[in-house]
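Descriptive structure summary
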Amino acid sequence: MPAKKQFNGSADEVEAAFYDAISRADLDAFMDLWADDEEIVCIHPGSSRQVGHAAIRASWETIFDRGNVHIQATQLHATHNLLTAVHSVIEQIHRPNETLPDVHILATNVYLKTPQGWRITMHHASVAAGKAPLDLFKASVLH
């Protein structure tokens with residue numbers, strides 16, 4: 001495995017880089033964001049669990065072979081401590097010229113603070129029926 005680039009951004013910045021790499025179908029940049037640990041996990045909607053760099057890389061290579069995917073992560077709910085961050089997001093997927101049924105993607109991204117900076121250790125995405133729920137934090141008005 002080639003040496004990973006140093007990335008000293010916050011967990012939030014790693015998440016932004018994660019979705020940016022997906023939107024560009026940049027597999028090398030995408031894999032640079034994962035922790036060095038071989039116990040990293042990725043679960044795609046309706047798919048089996050991928051464990052380790054080789055399996056995760058192969059699964060995303062198959063996805064990227066079909067072209068880039070524009071995913072906008074919204075409605076972030078995050079918990080952080082000194083060494084870990086857990087982000088729960090709703091993924092809005094935009095693929096030109098595709099008609100998708102009325103579904104939304106729920107995703108959990110787990111980040112770990114490593115000597116090389118924050119890195120992703122788990123991405124778990126699943127399909128949920130219907131429209132994405134209203135963002136109650138944005139919809140509420142405080143007086």
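Our subject in this report is the structure included herewith. Note that this is a predicted model, so its numbers are computed, not measured.

In this structure, Phe18, Ile22, Phe30, Trp34, Ile56 and Trp60 are the most contacted members of the largest nonpolar core, which totals 29 residues. With 7 residues, the top contributor of residues to this core is helix H1 (residues 11-24).

Together, Leu82, Leu83 and Leu112 make up a nonpolar patch on the protein surface, roughly 320 Å² of accessible area in all. The exposure class assigned to leucine 83 is exposed, which follows from its relative accessible area of 51%.

The next subject is the packing of aromatic side chains. Using the criterion set out here, one finds 7 aromatic pairs in the structure. When the ring of phenylalanine 30 is compared with that of tryptophan 60, the centres are 4.7 Å apart and the planes differ by 45°; the resulting orientation is tilted. With a gap of 30 residues between them, phenylalanine 30 in helix H2 (residues 27-32) and tryptophan 60 in helix H3 (residues 53-65) connect regions that are remote in the sequence. In terms of burial, phenylalanine 30 and tryptophan 60 fall into one category: buried. Taken together, Phe18, Tyr19, Phe30, Trp34, Trp60 and Phe64 form an aromatic cluster joined through their ring pairs.

Cut-offs used in this document
Residues numbered from 1 in each chain as written. Predicted model: local features only at pLDDT ≥ 70, side-chain atom pairs only at ≥ 80, totals over all residues. Heavy atoms only, no water. Core = buried A, V, L, I, M, F, W, Y, C linked by side-chain atoms within 4.5 Å. Buried < 20%, exposed > 50% of the residue type's maximum accessible area, 1.4 Å probe, protein only. Helix = DSSP H or I, 4+ residues; strand = E, 2+ residues; numbered from the N terminus. Patch = residues over 30% accessible without salt bridge, like charges linked within 9 Å, V, L, I, M, F, W, Y side chains within 5 Å. Areas by Shrake-Rupley, 256 points an atom, 1.4 Å probe, with all protein chains shown as cover. Salt bridge = Lys/Arg side-chain N within 4 Å of Asp/Glu carboxyl O. Phe/Tyr/Trp six-rings, centres within 6.5 Å; stacked < 30°, edge-to-face > 60°.

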